[in-house]
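Per-entry structural report
The primary structure of each chain is shown beneath.
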Amino acid sequence: MALTITDDCINCAACEPECPNDAISQDGLLFVIDPDKCTECVGFFKEPQCVPVCPVECIEKA
């Protein structure tokens with residue numbers, strides 16, 4: 001149960017502060033999601049918080 005950020009990422013950083021698990025970080029020109037930390041916000045919210053703030057819709061289920 002983890003999300004991933006595709007190569008369509010535009011490095012806007014909108015997703016990073018939304019993650020309650022600190023699973024999102026910058027890796028070069030893109031942001032990445034650590035699958036060991038990502039819980040898709042289970043235990044915090046009903047839905048993943050990073051998905052709706054992504055302006056290019058590049059966050060998807062792994």
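A brief look at the structure comes next.

Definitions and cut-offs
Residues numbered from 1 in each chain as written. Predicted model: local features only at pLDDT ≥ 70, side-chain atom pairs only at ≥ 80, totals over all residues. Heavy atoms only, no water. Helix = DSSP H or I, 4+ residues; strand = E, 2+ residues; numbered from the N terminus. Buried < 20%, exposed > 50% of the residue type's maximum accessible area, 1.4 Å probe, protein only. Contact = heavy atoms within 4.5 Å. Polar contact = N/O pair within 3.5 Å; in protein donor to acceptor, adjacent residues only side chain to side chain.

Concerning the side chain of Thr6
Within the fold, Thr6 resides in the loop between strand E1 (3–5) and strand E2 (24–27). With relative accessibility at 19%, the residue Thr6 sits in the buried group. Every residue in contact with Thr6, bar those within four places of it in the chain, is listed here: Cys58 and Glu60.

Notes on the environment of Phe31
Among the structural elements, Phe31 can be located in strand E3 (residues 30–33). C-alpha separation for the pair Phe31 and Val42, spaced 11 residues apart in sequence, amounts to 21 Å. If we ignore the near neighbours within four places in the chain, the residues touching Phe31 are Ile5, Cys9, Asn11, Ala13, Cys15, Glu16, Ile24, Ser25 and Gln26.

Side note on the side chain of Glu40
Take Glu40: it is sitting in the loop between E3 and helix H1 (50–53). Of the residues examined, Glu40 reaches a relative accessible area of 11% and is grouped as buried. There is a polar contact of 3.4 Å between the side chain of Glu40 and the backbone nitrogen of Ala2. One polar contact links Glu40 to Lys61, side chain to side chain, over a distance of 2.8 Å. Residue contacts for Glu40: discarding those within four places in its chain leaves Met1, Ala2, Leu3, Glu47, Pro48 and Lys61.

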